[in-house]
Amino acid sequence: EPEVTQTPSHQVTQMGQEVILRCVPISNHLYFYWYRQILGQKVEFLVSFYNNEISEKSEIFDDQFSVERPDGSNFTLKIRSTKLEDSAMYFCASSTRGVEPQHFGDGTRLSIL
Amino acid sequence: QQQVKQSPQSLIVQKGGISIINCAYENTAFDYFPWYQQFPGKGPALLIAIRPDVSEKKEGRFTISFNKSAKQFSLHIMDSQPGDSATYFCAASINYKLSFGAGTTVTVRA
């Protein structure tokens, strides 16, 4: 069964550094998403992306965050200057048409020191 | 604003028993209600989903009950098995984004 793959599985970064999280969505999917889950809390929506532009973003997704689809297979999340509170599990998801259903990767655990 | 409230936070059920997880939502514009199952170290995996024009959906041992007027929906896991031990999230969707509940950790005792 096709799946969403995320790399790396764990990223450790110094506060203030830039980090790029990578995702390879399912090949025929057209909608892409990033979510995050702070330890012990609920999964939170960050951003949705379709047709090479952001469809919707949450208040969490401020100017420090950006997304890009640099080629036909990758979808990336960049955090420009990381803060301690950015430490979380980041999940990429993709879907064929709008919302239903979204398929999630296994996440990247981001640890900011 | 907590758009989707989920309860209980955790539950323990005996093998063969029924697990019931409840969710309530606030925004009547939500139009898709999925349930996700998550095992440690893994991402959420879609379990079953329902649209608000249907009151019940069953897939194998998993059933969603949906009450539009009460703005509530629930997941029933029949004949619970040890392999069902996981965290379950309800969610509600509008405009390409999912709002998740806080999650329920289900432990099935053999």
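Quick summary incoming for the structure in this document. Note that the structure is predicted; figures quoted are calculated from it, not measured.

Reading guide: rules and limits
Residues numbered from 1 in each chain as written. Chains lettered and ligands numbered in written order. Predicted model: local features only at pLDDT ≥ 70, side-chain atom pairs only at ≥ 80, totals over all residues. Heavy atoms only, no water. Salt bridge = Lys/Arg side-chain N within 4 Å of Asp/Glu carboxyl O. Helix = DSSP H or I, 4+ residues; strand = E, 2+ residues; numbered from the N terminus. Pairing = 2+ DSSP bridges. Axes fitted to C-alpha atoms, helices over the stretch in contact; angles between N-to-C directions.

## Comments concerning the pattern of salt bridges
Counted by the stated rule, this structure contains 5 salt bridges over all chains. Here Arg36(A) ties to Glu44(A) by a salt bridge, and the two come within 3.2 Å at their closest N and O atoms. The salt bridge involving Asp84(B) is made with Arg61(B); its shortest N-O contact spans 2.8 Å. Separated by 23 residues along the polypeptide, Asp84(B) in the loop between strand 8 (72-77) and strand 9 (86-94) and Arg61(B) in the loop between strand 6 (56-59) and strand 7 (62-67) bring together distant segments of the chain.

## Observations concerning the sheet that holds strand 1 (residues 5-7) of chain A
Residue and element names in this part refer to chain A. Pairing in this open sheet of 4 strands is antiparallel, and the strands run 1-3-8-7 from one edge to the other. Either end of the sheet is taken by a strand with one partner, and the two such strands are strand 1 and strand 7 (65-68). In this sheet, adjacent strand axes meet at a mean angle of 20° when their direction is disregarded. In this sheet, strand 8 (residues 75-79) lies alongside strand 3 (residues 19-24) in antiparallel orientation, the contact comprising 5 bridges. Bridged to Val19 within strand 8 is Ile79.

## Some points on the sheet that holds strand 6 of chain B
All names here are of chain B. Sheet architecture is open: 5 strands sit in the order 1-3-8-7-6, paired in antiparallel fashion. Each end of this open sheet is capped by a strand with a single partner; those strands are strand 1 (4-7) and strand 6. Ignoring which end each strand starts from, the neighbouring axes of this sheet average 15° apart. With 4 bridges joining them, strand 1 and strand 3 (residues 19-25) adopt antiparallel strand pairing. Of the residues in strand 3, the one forming a bridge with Val4 is Tyr25.

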